[in-house]
Amino acid sequence: MVFETFSPDETYELARRIGEKAAAGQVYLLNGDLGVGKTLFSQGFAAGLGVSEYVNSPTFTIMQIYDDGRLPMYHFDVYRIGDVSEMDEIGYEEYFYGEGVCLIEWAELVEEILPDDAVSILIEKDIARGVDYRKISIEGLEL
Ligand code: ADP
Ligand code: MG
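Quick caveat, the model's predicted, so the values are computed rather than measured. (Residues numbered from 1 in each chain as written. Chains lettered and ligands numbered in written order. Predicted model: local features only at pLDDT ≥ 70, side-chain atom pairs only at ≥ 80, totals over all residues. Heavy atoms only, no water.)

## Regarding the site of ligand 1
- Taken together, the neighbourhood of ligand 1 is formed by 15 residues, with T11, G35, K38, L40 and D132 sitting nearest.
- Within the backbone of G37, a nitrogen or oxygen atom sits 3.0 Å from an oxygen atom of ligand 1.
- T39 is positioned with one of its backbone polar atoms (N or O) 2.9 Å from an oxygen atom of ligand 1.
- Coverage of ligand 1 by the protein chains reaches 75% of its 580 Å² of free accessible surface.
- Those elements that place two or more of their residues in the shell around ligand 1 are α1 (8–21) and α2 (38–49).
- With three residues, the top contributor of residues to the shell around ligand 1 is α2.
- Tallied by class, the residues present in the shell around ligand 1 amount to four nonpolar, six polar and five charged. (Near = heavy atom within 4 Å. Polar contact = N/O pair within 3.5 Å; in protein donor to acceptor, adjacent residues only side chain to side chain. Areas by Shrake-Rupley, 256 points an atom, 1.4 Å probe, with all protein chains shown as cover. Helix = DSSP H or I, 4+ residues; strand = E, 2+ residues; numbered from the N terminus. Nonpolar A, V, L, I, M, F, W, Y, C, P; charged D, E, K, R; others polar.)

Below, the structure is given as C-alpha cells:
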C-alpha cells in the first residue's frame, strides 16, 4: 500500500486512522531518513489509540511507554543504539510480544530482532514534489 501526503496534518491523520485500528501484539516498524516524519506519524498513531500524553522522540531513553490509551503503546527510537544487546538490556521481548502495540523508529538498525509479522512503514521525501510531500509505503497491514 502506498500513500502520498502533502502536509504534516495529512500524515498525522493517516497515522491516526491506523492507530484507531491497531491491535494488541502488533509491531510497527518506522523507517526513513531524519526529519521525514517518523515521530509525527507516531504522534498521530498515538492519538488514534487514545493516548493523550504528548509523544516525542524517545531518543535518549530508547523506549517510552504511553499507557493512557486503548492499548499500551511502546514507542522505541533506536537511532542512537550502539549494539542490539542494548535492546536485551531493556527487555524488548516483553514489549514486542506483549499486550500492547510497539512503534519502532529506525527499526532497520535492529533488523535481527524484528518479528517476521511486523508492519513495515517507510516514509520518503521527494523534493521534486515539494518540501512537504511524503511517500508512505506500508506492508503487512490490512486497512
Ligand atoms: P523523524 O522522526 O522522522 O526524524 P519528525 O516527525 O520529527 O521526523 O519530523 C518531521 C518534520 O517534517 C516535521 O517538522 C513535520 O512538520 C515536517 N513535515 C513536512 N511535511 C510533512 C509530511 N507530509 N508528513 C510528515 N511530516 C512532514
Ligand atoms: Mg523521530
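## A short note on the packing of aromatic side chains
- All chains considered together, the criterion is met by eight aromatic pairs.
- Each ring, one from F76 and one from Y95, has its centre 6.3 Å from the other, and the planes form 70°; the classification is edge-to-face. On the criterion of sequence distance, the pair formed by F76 in strand β4 (residues 73–77) and Y95 in helix α4 (residues 92–96) is long-range, its members being 19 residues apart.
- Judged by its relative accessible area of 0%, F76 falls in the buried class.
- With a relative accessible area of 13%, Y95 lands in the buried category. (Phe/Tyr/Trp six-rings, centres within 6.5 Å; stacked < 30°, edge-to-face > 60°. Buried < 20%, exposed > 50% of the residue type's maximum accessible area, 1.4 Å probe, protein only.)

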